[in-house]
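Summary of the model geometry
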Amino acid sequence: MKQLGLSIIIFLFHCGLHAQEVSFTKSETDSLLTYTLVNHTYAPITLSVKKLSELDAGIDTGDFICSPKDSLVEIFKFPKAIATDSSFKVSTHLKLSMAYGKKLHKDSIKHVDYELPFLKGKRYKVIQAYGGRLSHRSDQSYYAIDFKMPIGDTVVAARRGRVIRTVDHFTEHGGASYRDKANQILIYHDDGTIAFYVHLNTNGVLVNLGDIVEAGQPIGISGHTGYSTTPHLHFVIRNFRSAIPIQFKEKKDLGKRSGVWAKKPQS
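These numbers come from a predicted model, not from an experiment.

Thoughts on the layout of surface pockets
In this model, the largest pocket occupies a volume close to 1300 Å³. Every residue lining the largest pocket is counted, 50 residues in all, and those nearest its centre are Arg179, Asp180, Gln184, Phe196 and Arg238. Counting residues per element, the ones that place at least two in the lining of the largest pocket are β6 (94–100), β8 (123–128), β11 (161–167), β13 (183–188), β14 (194–205) and β18 (233–239). By residue class, the composition of the lining of the largest pocket is 19 nonpolar, 21 polar and ten charged. Here the second largest pocket defines a volume of roughly 210 Å³. Around the second largest pocket, the lining is made up of 13 residues, and of these Ile109, Lys110, His111, Ile244 and Pro245 lie nearest the centre. Among the residues making up the lining of the second largest pocket, the classes are represented as six nonpolar, three polar and four charged.

Here it is, written out as structure tokens:
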């Protein structure tokens, strides 16, 4: 029995977020092991559950939204009887994934003119625009913009929001195998969209989880970590898992092509 419970916990913690962001609590009866998802973050989290087999365990499938600092009570119930099957593997029967936010209807997304994510008086070249062939082909990054920014420059918030994730312990960069080793800051906006500021410097986060930041406020230091071939800032706004196009106050059509310069006026 204990081995089954342990295998389930291990499986649940390999579905998208870190242990400090979500946790699962377990309770049991004579016939069931029951798990509750606890969301420790300042943003909603969507848990997606898909069945891969005909396992008859009374598990619901689909997308389940857990509000910030809240729980999904008894989201999973596993019959204890299956513990007698030594070959049972949760990953054979279920596919789970978790991500920040929830899918928004396009009409609920505010039209906002974003600030450029760097200090006033600075200018940087766009080295990869929307749909860039190097790494902007997926749904998550199609509308991302890469600004060629030297290590050590200041990154600012492009829009008011709450800091929901910070990572700044990574030190290395390289090819696609380093994709999950980028220092970053995620900021949740009041309409449910999320801003990603990626490839920051080691120890390059200037804000704390839960902070409310204003547009133009310094939040980080640019770097060269993760999937990165040159120092730059990767900036993207997402509606749940999908990147969305945006407009900047200073240059409405920025992002449509590479090689252009973005300048932020002094005033």
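Some details on the nonpolar core
In terms of nonpolar packing, the biggest core is built from 33 residues, with Leu37, Val49, Phe76, Phe78 and Met98 touching the most fellow members. For this core, the secondary-structure elements that each account for two or more residues are β1 (22–28), β2 (32–39), β3 (45–51), β4 (62–66), β5 (71–79), β6, β13 and β14. Excluding anything up to four places from it in sequence, Val49 contacts Ile59, Asp60, Thr61, Gly62, Phe64, Phe76, Leu94, Lys95 and Leu96. In terms of nonpolar packing, the next biggest core, distinct from the first, is built from 32 residues, Ala129, Val155, Val260 and Ala262 among them.

Here's the deal with the sheet that holds β2
The antiparallel open sheet is built from three strands, whose spatial order is β1-β2-β5. What marks the edges here is a single partner per strand, and that holds for β1 and β5. Taken over all neighbouring pairs, the strand axes of this sheet differ in orientation by 25° on average, direction set aside. As judged from the six bridges shared by β2 and β5, these two strands associate in the antiparallel manner. The residue of β5 that forms the bridge with Leu33 is Phe78.

Brief notes about the packing of aromatic side chains
Summed over all chains, the structure comprises seven aromatic pairs. Taking 5.0 Å as the distance between ring centres and 85° as the angle between the ring planes, the aromatic pair formed by Tyr130 and Tyr143 counts as edge-to-face. Highlighted residues: Tyr130 in the loop between β8 and β9 (145–148) and Tyr143 in the loop between β8 and β9, separated in sequence by 13 residues. Of the residues examined, Tyr143 reaches a relative accessible area of 28% and is grouped as partly exposed. Chaining the aromatic ring pairs together yields one cluster made of Phe118, Tyr124 and Phe147. For the cation-ring pair, Lys69 lies above Tyr42, with the distance from its terminal atom to the ring centre recorded as 4.4 Å. Stacked on the ring of Tyr178, the Lys or Arg Lys181 has its end atom at 5.3 Å from the ring centre.

Details of unusual backbone geometry
For Lys69, which is not glycine, the phi torsion reads 55° and is therefore positive. Considering the arrangement of structural elements, one finds Lys69 in the loop between β4 and β5. For Lys69, a relative accessible area of 49% puts it in the partly exposed group. Of note, the phi angle at Glu74 is positive, near 50°, even though the residue is not glycine. Within the secondary structure, Glu74 is located in strand β5.

A word on the sheet that holds β4
Pairing within the open sheet is antiparallel, and its three strands lie in the order β4-β3-β6. Strands at the two margins of the open sheet, each flanked by one partner only, are β4 and β6. Strand after strand, the sheet turns through a mean of 20° between neighbouring axes, direction not considered. As defined by bridge partners, β3 adjoins β6 across seven bridges and the pair is classed as antiparallel. Following the sheet pairing, Lys50 is matched in β6 by Lys95.

A short note on the environment of Gly255
Of note, Gly255 is situated in the loop between β20 (247–248) and β21 (261–263). Judged by its relative accessible area of 1%, Gly255 falls in the buried class. Separated by 127 residues in the primary sequence, Gly255 and Gln128 have C-alpha atoms spaced 8.1 Å apart. Those residues in contact with Gly255 that sit more than four places away from it in its chain are Ala129, Tyr130 and Ile145.

What counts, and where the lines are drawn
- Residues numbered from 1 in each chain as written.
- Predicted model: local features only at pLDDT ≥ 70, side-chain atom pairs only at ≥ 80, totals over all residues.
- Heavy atoms only, no water.
- 1 Å grid on protein atoms, 1.4 Å probe; cavity = no way out; pocket = protein on both sides within 12 Å on 5 of 7 lines; lining within 4 Å.
- Points joined across faces, edges and corners; volume = space filled by probe spheres on them.
- Helix = DSSP H or I, 4+ residues; strand = E, 2+ residues; numbered from the N terminus.
- Nonpolar A, V, L, I, M, F, W, Y, C, P; charged D, E, K, R; others polar.
- Core = buried A, V, L, I, M, F, W, Y, C linked by side-chain atoms within 4.5 Å.
- Buried < 20%, exposed > 50% of the residue type's maximum accessible area, 1.4 Å probe, protein only.
- Contact = heavy atoms within 4.5 Å.
- Pairing = 2+ DSSP bridges.
- Axes fitted to C-alpha atoms, helices over the stretch in contact; angles between N-to-C directions.
- Phe/Tyr/Trp six-rings, centres within 6.5 Å; stacked < 30°, edge-to-face > 60°.
- Lys NZ or Arg CZ within 6 Å of the ring centre and 35° of its normal.

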